[in-house]
Amino acid sequence: VYPAWRWCEKLDAIERTQRKLDLRPNLPDFYNMAMERPKKDPRGYCLLFVDASRKSGLGSSFSHSCNPTCEVRVVSLNGKLSLSMTTLRDLEQGEELTFDYNAVTESLNEFRFAVCLCGQRKCRGSFLHFATA
């Protein structure tokens, strides 16, 4: 878990290294999740980033779907914040566990490369949301 400023430093370092070694991918890996610490927390409100590429559970390998079977919730476990994957409805045996990545990009190039393959009737066409600056 990283505070927002540390997460941005990490992403900047990765980007500098990729540029230096000419390893810039079309799409970055999306293994991070933002988690808000509640305002009532004794340590105060904060936006934290969880790096699932370093420490994760089975849920970090779930596929994206525009009509997901699961969602991620922030829970408190023994006074510590954690992410919990819960189903949105009763599932059939063998049904794929998916969640909406809800990732946002300001890069039109990233948005175009992030083709969604969920196959749902109301598919957005991309697993990213495009936000213009």
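The present account deals with the structure reproduced in this document.

With that out of the way, let us pick up the overall build of the protein. Scanning the protein for helices and strands turns up two helices and nine strands. Moving toward the C terminus, one meets the helices and strands of the protein in the order β-α-β-β-β-β-β-β-β-α-β. Residues counted as buried form 24% of the 133 residues belonging to the protein. In the protein, once contacts between residues fewer than 6 apart in sequence are set aside, the share between residues at least 24 apart is 55%. Carbon together with sulfur atoms contributes 51% to the accessible area of the protein, which is approximately 9900 Å² in total.

So, about the side chain of Ser65. Along the chain, Ser65 turns up in the loop between strand 4 (63–64) and strand 5 (70–77). Side-chain polar atoms of Ser65 contact the backbone nitrogen of Asn67, separated by 3.1 Å.

Criteria and cut-off values
Residues numbered from 1 in each chain as written. Predicted model: local features only at pLDDT ≥ 70, side-chain atom pairs only at ≥ 80, totals over all residues. Heavy atoms only, no water. Helix = DSSP H or I, 4+ residues; strand = E, 2+ residues; numbered from the N terminus. Buried < 20%, exposed > 50% of the residue type's maximum accessible area, 1.4 Å probe, protein only. Contact = heavy atoms within 4.5 Å. Areas by Shrake-Rupley, 256 points an atom, 1.4 Å probe, with all protein chains shown as cover. Polar contact = N/O pair within 3.5 Å; in protein donor to acceptor, adjacent residues only side chain to side chain.

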